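Letter by letter, the chains look like this.
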Amino acid sequence: MIEPTPLQVTLETVRFWAIVALLGLGVFFTLVSTIGVLRLPDIYARAHTASQTDTLGAGFALAGVALAFGWQHAAVYTVLLLFFVFITNPTAAHAIARSAAETGVEPILAEEGEPDEATAETEGETR
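Thresholds applied
Residues numbered from 1 in each chain as written. Predicted model: local features only at pLDDT ≥ 70, side-chain atom pairs only at ≥ 80, totals over all residues. Heavy atoms only, no water. Helix = DSSP H or I, 4+ residues; strand = E, 2+ residues; numbered from the N terminus. Buried < 20%, exposed > 50% of the residue type's maximum accessible area, 1.4 Å probe, protein only. Contact = heavy atoms within 4.5 Å. Areas by Shrake-Rupley, 256 points an atom, 1.4 Å probe, with all protein chains shown as cover. Expected span 1.5 Å × (residues − 1). Phe/Tyr/Trp six-rings, centres within 6.5 Å; stacked < 30°, edge-to-face > 60°.

## Some words on the overall build of the chain
Okay, step 1: Scanning the chain for helices and strands turns up 4 helices and 0 strands.
Okay, step 2: Reading the helices (α) and strands (β) of the chain from amino to carboxyl end gives α-α-α-α.
Okay, step 3: When the 127 residues of the chain are sorted by exposure, 19% land in the buried category.
Okay, step 4: Sequence-distant contacts, at least 24 apart, represent 68% of the contacts inside the chain between residues at least 6 apart.
Okay, step 5: Summing over all exposed atoms, the chain offers an accessible surface of approximately 9,700 Å²; the carbon and sulfur share of this is 68%.

As structure tokens, then:
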């Protein structure tokens, strides 16, 4: 049996931790997207956060999967899927927001005379 050289062991260790980091970032951005969709007030803000952070989440996760596959046909398919997600996800969010605007859905905006929660909290502390 041929024993791996120290360089091969080091490269495999770096590859392993790169895969873990990419998958961790993918899970993080997907979690941020989920929280944003649940917490934001209207369709426009929800479409915005879902488009951006979910694209990043899927992008990092698919990059980790492609790195885990190495030089195989499955890695090529994963990269093609990543390209497809980068094209379709923002396009779908734009179509949803445009449809909402065309049907007359108004965005939820703060009134000019009304301070938002963060301003009210900081003003209360200074008095």
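## Observations regarding helix α3 (residues 73-102)
Okay, step 1: The terminal C-alpha atoms of α3, which comprises 30 residues, lie 43 Å apart, in line with the 44 Å expected from a rise of 1.5 Å per residue.
Okay, step 2: Turning to α3, its buried residues number three or more, namely A75, T78, L82, V85, N89, A93 and A100.
Okay, step 3: Buried-residue contacts for α3 involve α2 (43-69).
Okay, step 4: Trailing α3 by a residue or two, G104 shows a phi angle of about 95°, which is positive.

## Overview of the packing of aromatic side chains
Okay, step 1: Under the criterion given, the structure shown has 3 aromatic pairs.
Okay, step 2: Seen from their ring centres, F16 and W17 are 5.0 Å apart, and the 75° between their planes marks the pair as edge-to-face.
Okay, step 3: Taking the centre distance of 5.3 Å and the plane angle of 70° together, the rings of F28 and F29 count as edge-to-face.
Okay, step 4: Counting every residue linked through ring pairs, the aromatic cluster contains F28, F29 and F60.

## Brief notes about the side chain of T78
Okay, step 1: By secondary structure assignment, the location of T78 is in helix α3.
Okay, step 2: What T78 contacts, discounting residues up to four positions off in sequence, is L62, V65, A66 and F69.

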